Amino acid sequence: MSTTGSIKVTIGDILFDNPVFLASGPAGYGEEYDGFIDLQRLGGIVTKTVTYEPKAGNPGTRLQETPGGLLNSVGLENVGASVFFGEKLPRLLDRGIRPIVSLAAEDWDGYRKLLDAAADTGMIDIVELNLSCPNVERGGMAVGTDPRMISRYVGHAKDILSGAAIIAKLTPNVQDIGRLALAAEEAGASAITAINTIVGMDIDIRVKKPVFKRKRAGLSGPAIFPVALEAVWRIVNTVDIPVIGVGGIDSVDDALKFFMAGAAAVQVGTAIFYDSHLPEKIVTELEKNGIPASINTEGN
Amino acid sequence: MAGIEKGLFRAEVAGNEKLSSACRLIRFARPEGFPDAKPGHFVAVRVNSSPVPLLRRPYSIMDLTETELVLLVKVVGPGSRLLGEAEVGDWMDIAGPLGGTVFPSPDGEDAVFVGGGTGLAPMIFAARTWKREKDSANTYLIHGAATSEELLGTFCEEDFTKVFRSTMDGSEGFNGDAVSFLQSLLKDGAISASKLYSCGPAGMVKSLELKVSTRFDSHYTSLEAVMACGVGACRGCTVPSREEEGRKLMAVCSDGTVFDASQIAWEDWE
Ligand SMILES: Cc1cc2nc3c(=O)[nH]c(=O)nc-3n(C[C@H](O)[C@H](O)[C@H](O)COP(=O)(O)OP(=O)(O)OC[C@H]3O[C@@H](n4cnc5c(N)ncnc54)[C@H](O)[C@@H]3O)c2cc1C
Ligand SMILES: Cc1cc2nc3c(=O)[nH]c(=O)nc-3n(C[C@H](O)[C@H](O)[C@H](O)COP(=O)(O)O)c2cc1C
Ligand code: FES
């Protein structure tokens, strides 16, 4: 990563106006927040994770608030590669919004088809591989917790999307997230995004059943910020590629903490649901006072 | 999408009236630039600025005039409690108007409205709007509640041609649920109408659709679901719906909140 003059950042070869993005999932396909968020003010948005085939997502309850957090079991509902690449992505590009395309697959075959479809568009210069969704039966975390699988997935993306920057998004639901980051770096990833949601659950005491059909769900929001901060700190100490901090940003100060932990950029997810202007406020702060220097020199 | 411009607004509380032990009528001064919402639209209110409770709370618009935005709020948990405690002069963040669909007007025909609990709110907005636009002939409200106190007295009496009330405990009006009451009113010929509109607990709406909707030309309902974004991005508020080629999940916030009730796959509803 380099900071060129102002608050621009580069990830891979891509230059972003600033290091503030919307996180995949909460960001949707961008267009939903018209009237709420000025997306052109942001460095970019990470689009909702897309799979090759459209996915309906999980049945039953999908959201449950916790103190300072949100459990979700959306299950990667998405429009599929053909609608995404054919309609949603061109619309974002037409509007001058900088997309980072989030990709995931349930198995290797689906992954290959998805990457071929992405390559065919000729529009994609940066992707975030969602190697970490806790809300699907297959793919997701099963891939994202195994360093060999991470390296295989990242390596294949490098081969097929030649020249594109590949970002690996990691799960915190592992013993050593640093090891996963290292595997991604060695396979050629241009950056690491950390963290995805943390596995949790809840029980409805009236009906004596788990709230979610799949029992487990992913926890996001302010409650997970300390976990995300520690993960970013640890990854920054393990790899040389840029790290993008995400998880629980609830204020401008939280974003500054990610930069101090050594993050090159940040993503805001859950907070846009209740404080939609927060990403723009973070940009304004960075424009005013610059990006805080990393205080993380541990082990380097 | 119904194509309404939405936005984020700061709104000043202009009134907070206690209608029952749990229900409040919260009136906001209409924020400058707040678009002309239609019956079925809702707002999402940020009730505080701390992370507990975290999310905005969705509320149907009960009325929108040149000067006021009115919500009917039942206190059920921490978020609605904070909203219910709002004092005149307080400012709150309001996102809206939200919702991708609205109640289609009755086109001059007679209409029955069934409001369960605070499902009353969008029914009032619809009746008032159509009265102002002279769009309906007679309007009948069936208001069901658990107890007499929750029927809110004669509140909204003048908004409808006639109001029928039912309570689950029989403390006032018909003894039983709103759907059984409507069934008996139809059977006795006490009312007749071609359009049916509803809003309330899923169980009530489902039973309306399955038991009485065939007596009407159409049944439109506004549904509720736990929401995070309120704009169709997070896919957290889905309901199972029928589609030509099978079942699909629709987002209550952006594909609704108003649905043709025959579109919903009620057998899959939790
Ligand atoms: C489109 C829409 C319109 C609504 N209109 C009205 C109205 O006019 N008047 C009124 O009193 N209430 C209305 N509700 C319900 C109202 O949003 C909830 O009562 C309120 O969110 C409860 O928050 P709480 O913190 O007090 O309760 P809690 O139960 O502690 O809330 C916990 C979580 O569940 C959600 N939640 C709880 N109950 C409901 C519910 N019935 N529907 C959706 N989410 C819920 C909350 O938003 C919150 O995220 C509406 C809901 C929706 C979706
Ligand atoms: C409703 C919801 C849906 C999400 N969907 C995705 C997704 O499709 N792909 C992904 O990589 N992360 C997804 N996430 C995770 C977020 O991108 C982010 O990593 C996580 O929520 C932590 O950040 P936050 O606390 O700022 O939300 C989702 C999160 C939420 C709350
Ligand atoms: S609340 Fe996010 S899609 Fe409806």
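Placed above this text is the structure.
Parameters and conventions
Residues numbered from 1 in each chain as written. Chains lettered and ligands numbered in written order. Predicted model: local features only at pLDDT ≥ 70, side-chain atom pairs only at ≥ 80, totals over all residues. Heavy atoms only, no water. Helix = DSSP H or I, 4+ residues; strand = E, 2+ residues; numbered from the N terminus. Rg over C-alpha atoms; globule rule 2.2 N^0.38 Å. Buried < 20%, exposed > 50% of the residue type's maximum accessible area, 1.4 Å probe, protein only. Salt bridge = Lys/Arg side-chain N within 4 Å of Asp/Glu carboxyl O. Near = heavy atom within 4 Å. Polar contact = N/O pair within 3.5 Å; in protein donor to acceptor, adjacent residues only side chain to side chain. Nonpolar A, V, L, I, M, F, W, Y, C, P; charged D, E, K, R; others polar. Areas by Shrake-Rupley, 256 points an atom, 1.4 Å probe, with all protein chains shown as cover. Pairing = 2+ DSSP bridges. Contact = heavy atoms within 4.5 Å. Buried area = accessible area lost by both parts, 1.4 Å probe. Phe/Tyr/Trp six-rings, centres within 6.5 Å; stacked < 30°, edge-to-face > 60°. Lys NZ or Arg CZ within 6 Å of the ring centre and 35° of its normal. Patch = residues over 30% accessible without salt bridge, like charges linked within 9 Å, V, L, I, M, F, W, Y side chains within 5 Å. Lys, Arg positive; Asp, Glu negative; His and termini not counted. Charge placed at Lys NZ, Arg CZ, Asp CG, Glu CD. Axes fitted to C-alpha atoms, helices over the stretch in contact; angles between N-to-C directions. Parallel < 35°, antiparallel > 145°, perpendicular 65-115°, else oblique. Left-handed = near helix turned anticlockwise from the far one by under 90°.

Engineer: Can you explain the overall build of chain A? Please cite residues and give values.
Structural biologist: The helix and strand inventory of chain A stands at nine helices and 17 strands. Here the C-alpha radius of gyration of chain A, 18 Å, is about what a compact globule of 300 residues would show, namely 19 Å. Along the longest, intermediate and shortest principal axes, the C-alpha atoms of chain A span 55 × 45 × 45 Å. Classification of the 300 residues of chain A by burial places 61% in the buried group.

Engineer: Mind laying out the pattern of salt bridges, listing which residues take part and the relevant values?
Structural biologist: Under the counting rule described, the total for this entry stands at 25 salt bridges over all chains. Put simply, Lys 88 of chain A and Glu 31 of chain A hold a salt bridge, and the shortest N to O gap is 2.9 Å. You can see Lys 88 of chain A sitting in helix H1 (residues 80-94) and its partner Glu 31 of chain A sitting in the loop between strand S4 (20-22) and strand S5 (44-46), a full 57 residues away along the chain. Between Arg 128 of chain B and Asp 159 of chain B there is a salt bridge, with its nearest N and O atoms 3.0 Å apart. Placement of the pair is Arg 128 of chain B in helix H2 (residues 120-132) and Asp 159 of chain B in the loop between strand S9 (139-145) and strand S10 (162-167), with a sequence separation of 31 residues. Grouping residues by exposure puts Arg 128 of chain B and Asp 159 of chain B together as buried. A single network of salt bridges, built from pairs that share partners, joins Asp 63, Arg 128, Arg 132 and Asp 159 of chain B.

Engineer: Break down the site of ligand 2 for me, citing the residues and quoting the values.
Structural biologist: Residue and element names in this part refer to chain A. The local shell around ligand 2 holds 21 residues, among which Ser 24, Thr 49, Lys 169, Gly 248 and Thr 270 are the closest. Here Gly 248 contributes a backbone N or O atom positioned 2.6 Å from an oxygen atom of ligand 2. One of the backbone nitrogen or oxygen atoms of Gly 269 is found 3.1 Å away from an oxygen atom of ligand 2. Class assignment of the residues belonging to the shell around ligand 2 gives a composition of six nonpolar, 13 polar and two charged.

Engineer: Summarise the site of ligand 1; cite the residues concerned and give the values.
Structural biologist: In the vicinity of ligand 1 there are 21 residues, among which Pro 58, Leu 72, Lys 74, Gly 79 and Ser 80 of chain B approach most closely. Around ligand 1 the close residues trace back to chains A and B. Leu 72 of chain B has a polar backbone atom sitting 2.7 Å from a nitrogen atom of ligand 1. Separating a nitrogen atom of ligand 1 from a side-chain N or O atom of Glu 224 of chain B is a distance of 2.9 Å. For ligand 1, whose free accessible area comes to 830 Å², the fraction covered by protein is 82%. Every element with two or more residues in the shell around ligand 1 is listed here: strand S4 (57-60), strand S6 (68-74) and helix H1 (78-84) of chain B. Counting residues per element, the shell around ligand 1 draws most heavily on S4 of chain B, which supplies four residues. Taken together, the residues of the shell around ligand 1 break down into eleven nonpolar, six polar and four charged.

Engineer: Describe the pairing of strand S10 (residues 165-170) of chain A, naming the residues involved and giving the relevant values.
Structural biologist: Residue and element names in this part refer to chain A. Most of S10 sits inside the fold, with six of its six residues counted as buried. The pairing of strand S9 (residues 126-130) with S10 spans five bridges and is parallel. Across the sheet, Leu 129 pairs through a bridge with Ala 168, a residue of S10. Where S10 and strand S11 (residues 191-194) come together, four bridges link them in parallel fashion. The residue bridging Lys 169 from the neighbouring strand is Thr 193, located in S11.

Engineer: With reference to specific residues and values, describe unusual backbone geometry.
Structural biologist: A cis amide bond links Ala 194 of chain A with the next residue in sequence, Ile 195 of chain A, at an omega value of 15°. For the bond running from Gly 256 of chain B to Thr 257 of chain B, omega is 15°, close enough to zero to count as cis. With respect to the secondary-structure elements, Thr 257 of chain B resides in the loop between helix H5 (252-255) and strand S16 (258-260). The residue Lys 215 of chain A is not glycine, and still its phi comes out positive at about 65°. With respect to the secondary-structure elements, Lys 215 of chain A resides in the loop between strand S14 (209-210) and strand S15 (216-220).

Engineer: Explain the environment of Gly 96 of chain A to me, using residue names and the numbers behind them.
Structural biologist: Topologically, Gly 96 of chain A is positioned in the loop between H1 and strand S8 (99-103). Counting along the chain gives 113 residues from Gly 96 of chain A to Lys 209 of chain A, while the straight-line C-alpha distance between them is 46 Å.

Engineer: Describe the interface of chain B and chain A, naming the residues involved and giving the relevant values.
Structural biologist: The interface of chain B with chain A comprises 26 residues on the first partner and 30 residues on the second. Both sides of the chain B and chain A interface together cover about 2,300 Å² of buried area, and 61% of this is carbon and sulfur. For the pair chain B and chain A, the number of links is two salt bridges. At the junction of chain B and chain A, the tally comes to eleven residue pairs in polar contact (both at pLDDT 80 or more). Counting only elements with at least two residues in the side of chain B that touches chain A, the list comes to strand S1 (7-18) and strand S7 (91-98) of chain B.

Engineer: Can you break down the packing of aromatic side chains residue by residue, with the values?
Structural biologist: For the structure on display, the rule yields 16 aromatic pairs over all chains. Geometrically, the ring pair formed by Phe 103 of chain B and Tyr 197 of chain B is edge-to-face, given 5.7 Å between the ring centres and 85° between the ring planes. Placement of Phe 103 of chain B in the loop between S7 and strand S8 (111-116) and of Tyr 197 of chain B in strand S12 (residues 195-199) is noted, with a sequence separation of 94 residues between them. Across this residue pair, the class does not change: Phe 103 of chain B and Tyr 197 of chain B are buried. Here Phe 174 of chain B and Phe 181 of chain B contribute two aromatic rings whose centre-to-centre distance is 4.6 Å and whose plane-to-plane angle is 10°, an arrangement assigned as stacked. Residue Phe 181 of chain B is classed as buried on the basis of its relative accessible area, which comes to 10%. One aromatic cluster is present, formed by Phe 103, Phe 113, Trp 130, Phe 160 and Tyr 197 of chain B through successive ring pairs. The cationic tip of Arg 152 of chain A hangs over the ring face of Trp 108 of chain A; the distance from NZ or CZ to the ring centre is 3.9 Å. Over the ring of Phe 164 of chain B we find Lys 162 of chain B, and its NZ or CZ is 5.0 Å from the ring centre.

Engineer: Describe in detail a negative patch on the surface, supporting the description with residues and values.
Structural biologist: Residue and element names in this part refer to chain B. Among the surface-exposed residues, Glu 12, Glu 85, Glu 87 and Asp 90 lie close enough to one another that they form a single negatively charged patch. Within the secondary structure layout, Asp 90 lies in the loop between H1 and S7. We classify Asp 90 as partly exposed; its relative accessible area is 32%.

Engineer: Quick one: what's the story with the packing of helix H2 (residues 108-121) of chain A against helix H4 (residues 147-160) of chain A, residue by residue and with numbers?
Structural biologist: Residues and elements named next belong to chain A. Here H2 crosses H4 at 25°, and the two axes come no closer than 10 Å. Judged by the inter-axis angle, H2 sits roughly parallel to H4. The two elements H2 and H4 cross, and the hand of that crossing is right-handed. When H2 is examined against H4, the residues Trp 108, Tyr 111, Arg 112, Leu 115, Asp 116 and Ala 119 are found in contact with a partner set consisting of Arg 152, Tyr 153, Val 154, His 156, Ala 157 and Ile 160. Here the contact of H2 with H4 is composed, by residue class, of eight nonpolar, one polar and three charged.

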